[in-house]
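Here's the letter readout for the chains.
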Amino acid sequence: MSDYSTPVQKVKVTCTDNGNTVDAVVDRFKKHNYMDVIMANQRIHLFYNATYGKVYVGNMAGLEFTAYDKDIYEV
């Protein structure tokens, strides 16, 4: 077991198809490039889209998900 721990980061992710918003765990994040989030035991890769309102956008199971880096918080 490690003597070091890293804080868990979460972000609010919104499904644009049905309007539901949930808190997802941030797995990997590179500002203005990509964000990997885990929700419902699935990893979703979100790509940065500067032309569409500076939002991270990704797809899973036929649904579109969006998140903003300003909404990342530590638990």
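Structure: see above.
So, how was this worked out
Residues numbered from 1 in each chain as written. Predicted model: local features only at pLDDT ≥ 70, side-chain atom pairs only at ≥ 80, totals over all residues. Heavy atoms only, no water. Helix = DSSP H or I, 4+ residues; strand = E, 2+ residues; numbered from the N terminus. Rg over C-alpha atoms; globule rule 2.2 N^0.38 Å. Buried < 20%, exposed > 50% of the residue type's maximum accessible area, 1.4 Å probe, protein only. Contact = heavy atoms within 4.5 Å. Areas by Shrake-Rupley, 256 points an atom, 1.4 Å probe, with all protein chains shown as cover. Lys, Arg positive; Asp, Glu negative; His and termini not counted. Charge placed at Lys NZ, Arg CZ, Asp CG, Glu CD.

What follows is about the overall build of the chain. Within the chain one finds 0 helices and 7 strands. Counting from the amino terminus, helix and strand elements in the chain follow one another as β-β-β-β-β-β-β. Over its C-alpha atoms the chain spans a radius of gyration of 13 Å, differing by no more than 12% from the 11 Å that the globule rule assigns to 75 residues. For the chain, the spread of C-alpha atoms along the principal axes amounts to about 40 × 25 × 15 Å. Looking at the chain as a whole, 27% of its 75 residues are labelled buried. Counting only contacts in the chain whose residues sit at least 6 apart along the sequence, the fraction spanning at least 24 positions is 36%. As presented, the chain carries roughly 5,300 Å² of accessible surface, and 50% of it is formed by carbon and sulfur atoms. In the chain, 8 side chains carry a positive charge and 9 a negative one; their mean positions are 4 Å apart.

A few words on the side chain of Asp69. On the secondary structure map, Asp69 appears in the loop between strand 6 (63–67) and strand 7 (73–74). Apart from the residues lying within four places of it in its own chain, the contact partners of Asp69 are Phe29, Lys31, Met35 and Tyr56.

Take it as geometry only, folks, not as evidence of what the structure does.
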